[in-house]
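Structural overview
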Amino acid sequence: MKQMLLQQKYPVFHLEIPKEETSCQSVDDVIAALQARIDAEPNVAEIAIFDHFAHTSAFDGEIHPEIVAAKNLVFCFGYKLPDPVMLAVRPRSIGVSDMGNRFVISFLEAPMEIATTRMEAWCKEIADLAPAA
């Protein structure tokens, strides 16, 4: 998993998984695998699945030519709500794109280290057929 600053200000984690390194065959399979991780966490609640590809396609918006499908899994870690301003950085979202021969999974770094650590682990688990490092 790599970390980068998107547009010089957004700390994003992203992982590219070749399709031969995962048992997932589609964006929906990846989303289902991530939903299983969310369901296993007592303090995490799924909110929605947003089909970003369908939304952008509906009005002939610009889509990178390699993207075959793209969805966001929206959810929230409910460990604490210490400040009303924290709502600006919640809920969380993991984006999953099908790029033909690989999946690209990405998320914005969370203000809580435990959330970032969990999301990173969930994403890496998608590469369930990858050779041992």
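Residues numbered from 1 in each chain as written. Predicted model: local features only at pLDDT ≥ 70, side-chain atom pairs only at ≥ 80, totals over all residues. Heavy atoms only, no water.

**Considering the packing of aromatic side chains**
Rule in force here: Two rings from Phe, Tyr or Trp (for Trp, the six-membered ring) form a pair when their centres sit within 6.5 Å of each other. Planes less than 30 degrees apart are called stacked, planes more than 60 degrees apart edge-to-face, and all others tilted. Accessible area is worked out with a 1.4 Å probe on protein chains only. A residue is then buried under 20% of its type maximum, exposed over 50%, and partly exposed in between. Only runs of H or I of at least four residues qualify as helices and only runs of E of at least two qualify as strands under DSSP, and these elements are numbered from the N terminus. As a reminder, the over-ring test applies to NZ of lysine and CZ of arginine, requiring each to be within 6 Å of the ring centre and within 35 degrees of the ring normal.
Applying the stated criterion across every chain yields a total of five aromatic pairs. Note on phenylalanine 75 and phenylalanine 77: the rings are 5.8 Å apart at their centroids and 65° apart in plane angle, and the pair reads as edge-to-face. Taking relative accessible area as the criterion, phenylalanine 75 reaches 0% and is therefore assigned buried. In this structure phenylalanine 77 comes out as buried when scored by relative accessible area, which is 3%. With centroids separated by 5.7 Å and ring planes inclined at 10°, the aromatic side chains of phenylalanine 77 and tryptophan 122 adopt a geometry described as stacked. One end of the pair, phenylalanine 77, is in strand E4 (residues 69-77); the other, tryptophan 122, is in helix H3 (residues 113-125), and 45 residues separate them in sequence. Residue class for tryptophan 122 comes out buried when judged on its relative accessible area of 4%. Among the aromatic side chains, those forming a connected cluster through ring pairs are Phe75, Phe77, Tyr79 and Trp122. Above the ring of phenylalanine 103, the side-chain terminus of lysine 19 is found at 5.1 Å from the ring centroid.

**Focus: H3**
Here is the rule we go by: Given a helix with a known number of residues, its expected span is that number minus one, times 1.5 Å. This arc corresponds to the set of directions leading from the helix axis out to the C-beta atoms. When checking whether two residues touch, look at their non-hydrogen atoms; a contact exists if any pair is within 4.5 Å.
Given a rise of 1.5 Å per residue, 13 residues ought to cover 18 Å, and the 18 Å separating the end C-alpha atoms of H3 matches this to within 8%. Among the residues of H3, Ala115, Thr116, Met119, Trp122 and Cys123 are the ones counted as buried. Along the axis of H3, the buried residues cluster in a sector spanning 130°; they form a single face. Where H3 is buried, its residues touch strand E2 (10-18), helix H1 (27-39), strand E3 (44-51), E4, strand E5 (92-98) and strand E6 (102-108).

**A word on empty space enclosed by the protein**
Put simply, the test is: Residues are said to line a cavity or pocket when one of their atoms sits within 4 Å of a point; the points come from a 1 Å grid over protein atoms alone, cavities being sets where a 1.4 Å probe fits but cannot get out and pockets being open sets with protein on both sides within 12 Å along at least five of seven lines. Grid points are joined across faces, edges and corners, and a volume is the space filled by probe spheres set on the points. Under the convention adopted here, Pro, Cys and the residues Ala, Val, Leu, Ile, Met, Phe, Trp and Tyr are nonpolar, Asp, Glu, Lys and Arg are charged, and Gly plus all remaining residues are polar.
Across all of its chains, the model carries one cavity of 30 Å³ or more by this definition. Volume-wise, the largest cavity comes out at about 60 Å³. As for the largest cavity, its lining consists of Cys76, Phe77, Met86, Val89, Arg90, Arg92, Ala110, Pro111, Met112 and Ala115. Residue composition of the lining of the largest cavity, by class: eight nonpolar, no polar and two charged.

**Regarding the environment of alanine 33**
With respect to the element layout, alanine 33 can be found in helix H1. You can call alanine 33 buried: its relative accessible area is 15%. Residues alanine 33 and isoleucine 126, 93 residues apart in the sequence, show an inter-C-alpha distance of 7.2 Å. Setting aside anything within four residues of it in sequence, one finds alanine 33 in contact with Cys24 and Ile126.

**Regarding the layout of surface pockets**
A volume near 530 Å³ is recorded for the largest pocket. Lining the largest pocket are 23 residues, and of these His52, Asn72, Gly95, Ser97 and Ser106 lie nearest its centre. Of all the elements in the fold, those that place two or more residues in the lining of the largest pocket are strand E1 (2-6), E2, helix H2 (52-58), E4, E5 and E6. Of all the elements, E5 adds the most residues to the lining of the largest pocket, at five residues. Of the residues belonging to the lining of the largest pocket, the class tally is 13 nonpolar, eight polar and two charged. Its volume calculated, the second largest pocket comes out at about 180 Å³. Considering the residues around the second largest pocket, the lining is formed by Tyr10, Pro11, Ala88, Val89, Arg90, Pro91, Arg92, Ser93, Leu108, Glu109, Ala110 and Pro111. Mapped by element, the contributors of at least two residues to the lining of the second largest pocket are E2 and E5. Across the lining of the second largest pocket, the residue classes break down as eight nonpolar, one polar and three charged.

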